[in-house]
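Listed here are the chains, written in short residue letters.
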Amino acid sequence: QVQLVASGGGLVQPGGSLRLSCAASGIIASIYAMGWYRQAPGKQRELVATATSGGSTNYADSVKGRFTISRDGPRNTVYLQINSLKAEDTAVYYCNAVPLRGSSWTIWGQGTQVTVSS
């Protein structure tokens, strides 16, 4: 069974930084795409950033220049470096994986809370 385990969330002051991590287990082959989504209270889940095994990345406009996604391919791990945090970044951040390119097979992690507050 393939699982994603996310970590690294917490409470941080505006302007601060965090690094989220998400590791996949139960799969040997390199995962095609891994990424992060977030869901704020009362809002729909939204894309934050994704990265493919080929090195392509995609970011939501709201996080460009502040968030950086990276992957450790052999370990099927994805990271999200979050800088210059704002109150509106407060949300539960979910790790996501699409193991096979072009497939509808999607895996979600359990989510990690990021709270930005002074």
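Residues numbered from 1 in each chain as written. Predicted model: local features only at pLDDT ≥ 70, side-chain atom pairs only at ≥ 80, totals over all residues. Heavy atoms only, no water.

Colleague: Lay out the overall build of the protein in plain terms, naming residues and giving numbers.
Modeller: Regarding its fold elements, the protein presents zero helices and eleven strands. On C-alpha atoms alone, the protein measures out to a radius of gyration of 14 Å, which is about the 13 Å that the 2.2 N^0.38 rule sets for 118 residues. Principal-axis analysis of the C-alpha atoms gives the protein an extent of 40 × 25 × 25 Å. If you take every contact in the protein between residues at least 6 apart in sequence, the share linking residues at least 24 apart comes to 54%. Looking at the protein as shown, the accessible area adds up to about 6300 Å², and 47% of this sits on carbon and sulfur atoms. Taking the 10 positively charged and 5 negatively charged side chains of the protein as two groups, their mean positions are separated by 5 Å. (Helix = DSSP H or I, 4+ residues; strand = E, 2+ residues; numbered from the N terminus. Rg over C-alpha atoms; globule rule 2.2 N^0.38 Å. Contact = heavy atoms within 4.5 Å. Areas by Shrake-Rupley, 256 points an atom, 1.4 Å probe, with all protein chains shown as cover. Lys, Arg positive; Asp, Glu negative; His and termini not counted. Charge placed at Lys NZ, Arg CZ, Asp CG, Glu CD.)

Colleague: I'd love a proper account of the packing of aromatic side chains, names of residues and values included.
Modeller: The final tally for this structure, using the stated rule, is one aromatic pair. Geometrically, the ring pair formed by Y37 and W108 is edge-to-face, given 5.0 Å between the ring centres and 70 degrees between the ring planes. Residue Y37 is found in strand β4 (residues 33-39), and its partner W108 is found in strand β10 (residues 107-108); the two are separated by 71 residues along the sequence. Relative accessible area serves as the criterion here: at 22%, Y37 is assigned to the partly exposed category. W108 gets classed as partly exposed once you look at its relative accessible area, which sits at 38%. Between R19 and the ring centre of Y79, over which it is positioned, the NZ or CZ distance is 4.1 Å. (Phe/Tyr/Trp six-rings, centres within 6.5 Å; stacked < 30°, edge-to-face > 60°. Buried < 20%, exposed > 50% of the residue type's maximum accessible area, 1.4 Å probe, protein only. Lys NZ or Arg CZ within 6 Å of the ring centre and 35° of its normal.)

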